[in-house]
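# What the coordinates show
Here is how the chains run, residue by residue.
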Amino acid sequence: MLQLIYSPTSPYARKCRILVRELGLEPEIGETAANPFEDDDVLLRANPLGRVPCLVMEDGRALTESALIAAWLNARAANPWLCDWDDRRLEALGHGLLDLTVARRVEMVRESGLFCDFWITRRERGILRALDELETETGALPSPVSLGALTIAVALDYLDFRYPESNWRQRHPGLVSLHRDWSGRASFVETAPPAD
C-alpha cells in the first residue's frame, strides 16, 4: 500500500488528502501523520527535504511536492479530473497564494526580535494581488472540480486558518462562491486542520 505522509496543518498535504478522497483512492493509499518541525524519522527516511506531503510508492521511492503528487494521483484515478494548461496555470497561481501565506505565517511565529515587518508587509501585498487576480480568473476555471479550483479553495481556507484578518471575502465574491462550494464537500470537512 502507498503511504501519504502529511501534517494536519499543512495546506499542501491537505490538497493531496482531499484529492485521494475525491478520486476514490483511499483503498490504495494510507496516511501517516508526521511533524516536519521535529525531524520525524518516518518523514526523513522518505524525504530528505523533511517536507510534507510525501507519497511513498510501493518500491520505497517517494514523490515530493504537492503539485507533482496531485498530478500523479489524478493520472492514477479511474475517473481523472479534466486537466488542461489553463487549469494548471490557475493551480500554479493558487500555489503561489499558498506560498505567500505560509511564508507570512513563518515570519509571524518567529521570536519578536527576529521577525521582519518588511517581509510580512511584502507578503501581505502579494497575497492581495494574488486574490485580485484569482477573482478575475475564477470564470476561466474549466470546472469547479479541478486541480486549479481545489488548490485555490485550499489556499482560501488556509487564509482563514492562519491570516483571518486578511478579510479576503470583502472584495472577492467569485472566490467566496468557489470556497463555499468546496467547504460543503465531505473531503474538505474531513481534512480540515485542527483548531489551534
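Keep in mind that this is a model prediction, so the values were computed, not measured.

As a further point, take helix α7 (residues 173-183). Within the sequence span of α7, burial applies to L175, L178, H179 and W182. The arc enclosing the buried residues of α7, seen along the axis, measures out at 95 degrees, which places them on a common side. Set apart from the buried face of α7 by more than 90 degrees, the exposed residues are P173 and R180. Among the structural elements, α1 (11-22), α5 (117-137), α6 (147-162) and α8 (186-190) are those in contact with the buried residues of α7.

Let's shift gears to the pattern of salt bridges. Side chains carrying opposite charge are able to pair once their charged atoms draw close together. Within this structure, the stated rule accounts for 19 salt bridges. Two residues, E28 and R76, come together in a salt bridge whose shortest N-O distance is 2.6 Å. Placement of the pair is E28 in the loop between α1 and β2 (29-33) and R76 in helix α3 (residues 66-76), with a sequence separation of 48 residues. The class of R76 is partly exposed, set by a relative accessible area of 32%. Residues R104 and E124 are paired through a salt bridge, measuring 2.8 Å at the closest nitrogen-oxygen approach. Of the two residues, R104 is situated in helix α4 (residues 85-108) and E124 in helix α5; the sequence distance between them amounts to 20 residues. Comparing R104 with E124, the two get one shared label, buried.

Core analysis: the largest hydrophobic core is formed by 43 residues, its most contacted members being L55, L73 and W182. Among the elements of the structure, β1 (2-6), α1, α3, α4, α5, α6 and α7 are those that each provide at least two residues to this core. Beyond its immediate stretch of four places on either side in the chain, L55 contacts L2, Q3, L4, I29, R61, A62, L63, I69, W72 and L73. Counting residues in each nonpolar core, the second largest holds seven residues, with A46, V52, C54 and V56 among its members.

All right, on to the pairing of β1 then. For β1, the tally of buried residues reaches four of five residues, placing the bulk of the element in the interior. What joins β1 to β2 is α1, and the crossover it makes is right-handed. As paired strands, β1 and strand β3 (residues 54-56) are joined by three bridges and run antiparallel to one another. Counterpart to I5 in the pairing with β3 is C54.

Looking now at the sheet that holds β1. Here we have four strands laid out as an open sheet, ordered β2-β1-β3-β4, and mixed in their pairing. Whereas interior strands pair on both sides, the edge strands pair on one side only; in this sheet they are β2 and β4 (62-64). When the angles between neighbouring strand axes are averaged without regard to direction, this sheet yields 20 degrees. Here β1 runs beside β2; their pairing, made up of five bridges, is parallel. In the strand pairing of β2, L2 is matched with I29.

Thresholds, definitions, all that
Residues numbered from 1 in each chain as written. Predicted model: local features only at pLDDT ≥ 70, side-chain atom pairs only at ≥ 80, totals over all residues. Heavy atoms only, no water. Buried < 20%, exposed > 50% of the residue type's maximum accessible area, 1.4 Å probe, protein only. Helix = DSSP H or I, 4+ residues; strand = E, 2+ residues; numbered from the N terminus. Arc of directions from axis to C-beta. Contact = heavy atoms within 4.5 Å. Salt bridge = Lys/Arg side-chain N within 4 Å of Asp/Glu carboxyl O. Core = buried A, V, L, I, M, F, W, Y, C linked by side-chain atoms within 4.5 Å. Right-handed = clockwise from strand over helix to strand, strands pointing away. Pairing = 2+ DSSP bridges. Axes fitted to C-alpha atoms, helices over the stretch in contact; angles between N-to-C directions.

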